[in-house]
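# Architecture at a glance
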Amino acid sequence: MQDFADAFRLAFALLVQLDPNLVEIVALSLQVTLSAVALACAIGFPAGAALAAAKFPGRGAVIVILNTMMSLPPVVIGLLVYMLVSNAGPLGFMQLLYTPGAMIMAQTILVTPLVAALGRQVLADFHDEYDETFRSMAVPWRKQVAALLWDARYSLLTVALAGFGRAVAEVGAVIIVGGNIAHVTRVMTTAIALETSRGDLALALALGIVLLVVAVTINAAVMVLRASAQRLAYV
Amino acid sequence: MTSETRSSGCGSDIRQLTVRGLCHDIAGKRVLENIDLSLQSQGVTAIMGANGAGKSILIRILHGLLRPSGGTVSWGGRAMTRDMLRSQAFVPQSPVLLRRSVAANLKFALTLRRRRDISTRLDALLALADLADKADQPARTLSGGEQQRLALARALATDPKVLFLDEVTASLDPANTLAIETVIRRVSDDGTRVLLVSHDLGQGKRVADDVVFLHRGRLAEHSPAKTFFSQPVSAEARGYCEGRIVL
């Protein structure tokens, strides 16, 4: 019990002192995760909107595959990206292995199916509502996709948040392609795993607290945004 | 059979409607039965009848939103095409407004036709809908009457040659109804062909040039409005005009 209390005390000390090691890990984590989520949203939302608005043969099968990809294990994605970016892989020339770039790539692949599939569901509901209006006004397909994405922007924030949650808490893929190298590719989850195994509970705990605070802050911000959008009947 | 090209000698005015043998089934039930109809290129036609008579389905088929189970619909002697659809506009009873401001809803429609005078047209449409002071307000926070006026203005933003209105004043107060009827008359006078689904006998008398009366999915009567309201021919139309419950 004494160890437990000491770990908490030390963790709070690290947080209050803005320990440089801690700050570096947190900053890299946010850089990797936010970049990956932004890329995943840039790919996944238009793909989801296209799937919601378009009717084509095999659409059902594409949706099933997309939904299945949501549950891809992070370690499998890590392995796939490792094979792609290792020296012998097709993207080996980019020298991305054990860099934040490879971690962003892995998390983007991890999160894109999630935001595309959840986004498609949100956008399909919007499309059902707008469909007759779009058809009546002969709205071109691309304009329909753009309109859906814009009008559903506040609802899609929640989807992006789900993507952020999956990426920021993920450890399997980033440890394979990033290697958990200090000052280079060490992020919160990999550092927590490492420090716990080494018995340095204070740093692990401090990182855990930061992880929770980040998640709560982003959730709260999205909730405030959605509430204001709701007042304007934009949701 | 769906809408198909029919050389009917109707001329090339795409505001001129010809319907032949139109049928439509929903879930195995016939809701429109063998409708033949010809409408001239000018004026306001009121499509009237009791609930379930098939008015809203008919107007959606005429606009190309529904594919008929049988028969043909032609505009100016030609089947509906995408270009033709672009020259038509439709306002339903419960309009679906985009989750944007009033002005943004109108701009969306204006940009669909790649207009260069968007700013001028936007001001004119806001004035037409009497919503100039609410241009920046979120559209979905407007009152029911304001939303309907906005939907009508958005439909007119595409400069339609044919305008379909499905019970657009059904839940509006007299002031909003009058505002919308004034716009209907004005656009009709400017050459837009208007097809208006309505339950309201008074509205039919005020705005319609001719009346299409449906009863249980069949065309019971099509006659000039004055004739329809003063001397309806069919028993169903007579009962309807006299305010009796027609089943």
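Residues numbered from 1 in each chain as written. Chains lettered and ligands numbered in written order. Predicted model: local features only at pLDDT ≥ 70, side-chain atom pairs only at ≥ 80, totals over all residues.

### Some points on the overall build of chain B
- Scanning chain B from N- to C-terminus turns up nine helices and 10 strands.
- For chain B, the C-alpha radius of gyration of 18 Å lies close to 18 Å, the compact-globule estimate for 247 residues.
- The principal-axis extents of the C-alpha atoms in chain B amount to approximately 50 × 40 × 35 Å.
- Nonlocal contacts in chain B, meaning residues at least 24 apart in sequence, comprise 67% of its contacts between residues at least 6 apart. (Helix = DSSP H or I, 4+ residues; strand = E, 2+ residues; numbered from the N terminus. Rg over C-alpha atoms; globule rule 2.2 N^0.38 Å. Contact = placed C-beta atoms within 7 Å.)

### Points about the nonpolar core
- Membership of the largest hydrophobic core comes to 135 residues, with the highest contact counts inside it found for Ala 106, Val 115 and Val 177 of chain A together with Ile 47, Leu 152 and Leu 196 of chain B.
- The contacts of Val 115 of chain A, once residues within four sequence positions are left out, are Ala 40, Cys 41, Gly 44, Phe 45, Val 159, Ala 160 and Gly 163 of chain A. (Core = buried A, V, L, I, M, F, W, Y, C linked by C-beta atoms within 7 Å. Buried ≥ 20, exposed ≤ 12 C-beta atoms within 10 Å, placed from the backbone.)

### A few points about the sheet that holds strand β2 (residues 29-39) of chain B
All names here are of chain B.
- Across the sheet, four strands lie side by side as β2-β1-β4-β5; this open sheet has antiparallel pairing. Edge strands, defined here as strands with exactly one partner in the open sheet, are β2 and β5 (78-79).
- Sitting on the sheet, helix α1 (residues 55-63) touches β1 (17-26), β2 and β4 (70-75), and the angle it makes with β1 is about 120°. (Pairing = 2+ DSSP bridges. Axes fitted to C-alpha atoms, helices over the stretch in contact; angles between N-to-C directions.)

### Details of the environment of Leu 194 of chain A
- Looking at the secondary structure, you find Leu 194 of chain A in helix α9 (residues 188-198).
- Each C-alpha atom, one on Leu 194 of chain A and one on Asn 180 of chain A, is 8.5 Å from the other, the two residues being 14 residues apart in sequence.

### Examining the sheet that holds strand β8 (residues 193-197) of chain B
Residues and elements named next belong to chain B.
- Strand order in the open sheet made by the six strands is β6-β7-β8-β3-β9-β10, with mixed pairing throughout. Sheet topology places β6 (88-91) and β10 (218-224) at the edges, where each strand pairs with a single neighbour. Within the sheet, the average angular offset between the axes of one strand and its neighbour, ignoring direction, is 15°.
- Here helix α6 (residues 174-189) sits on the sheet in contact with β3 (44-48), β7 (162-166) and β8, set at roughly 150° to β8.

### Examining helix α3 (residues 102-112) of chain B
- Taken across its 11 residues, α3 of chain B has eight buried, putting it largely inside the fold.
- Taken together, the buried positions of α3 of chain B are Val 102, Ala 103, Asn 105, Leu 106, Lys 107, Phe 108, Ala 109 and Leu 110 of chain B.
- Each element contacted by the buried residues of α3 of chain B is listed here: α6 (141-151) of chain A together with α4 (118-128) and α5 (144-156) of chain B.
- Downstream of α3 of chain B by one or two residues, Arg 114 of chain B has phi in the positive range, about 50°.

### So, the packing of α3 of chain B against α5 of chain B
Residues and elements named next belong to chain B.
- One way to put it is that α3 packs onto α5 with a least axis distance of 8 Å and a crossing angle of 25°. It follows from the interaxial angle that α3 and α5 lie roughly parallel. As for the relative orientation of α3 and α5, their crossing is right-handed in sense. Residues Val 102, Asn 105, Leu 106 and Ala 109 of α3 touch α5, and the partners they reach there are Leu 150, Ala 153 and Arg 154.
- Considering only residue class, the contact of α3 with α5 consists of five nonpolar, one polar and one charged. (Parallel < 35°, antiparallel > 145°, perpendicular 65-115°, else oblique. Left-handed = near helix turned anticlockwise from the far one by under 90°. Nonpolar A, V, L, I, M, F, W, Y, C, P; charged D, E, K, R; others polar.)

### Quick word on the interface of chain A and chain B
- Taken together, the contacts link 14 residues of chain A with 18 residues of chain B.
- At the level of elements, α5 (100-136) and α6 of chain A are the ones that each hand at least two residues to the side of chain A that touches chain B.
- In terms of residue count, the dominant contributor to the side of chain A that touches chain B is α5 of chain A (six residues).
- Broken down by class, the residue content of the side of chain A that touches chain B amounts to eight nonpolar, two polar and four charged.

### Re the confidence of the model for chain B
Residue and element names in this part refer to chain B.
- Averaged over chain B, the pLDDT score is 92; the fraction of residues at 70 or greater is 95%.
- Note that residues 1-11 has pLDDT below 50 and, in this model, 29 contacts with residues that lie over four places away or in other chains.
- Scoring the predicted complex yields pTM 0.86 and, for the interface, ipTM 0.88. (pLDDT = per-residue confidence, 0-100.)

### Examining the pairing of β3 of chain B
All names here are of chain B.
- Of all five residues making up β3, five are buried, and the element is well covered by its neighbours.
- Where β3 meets strand β9 (residues 210-215), four bridges bridge the pair, whose relative direction is parallel. Within β9, the residue paired with Thr 45 across the bridge is Asp 210.

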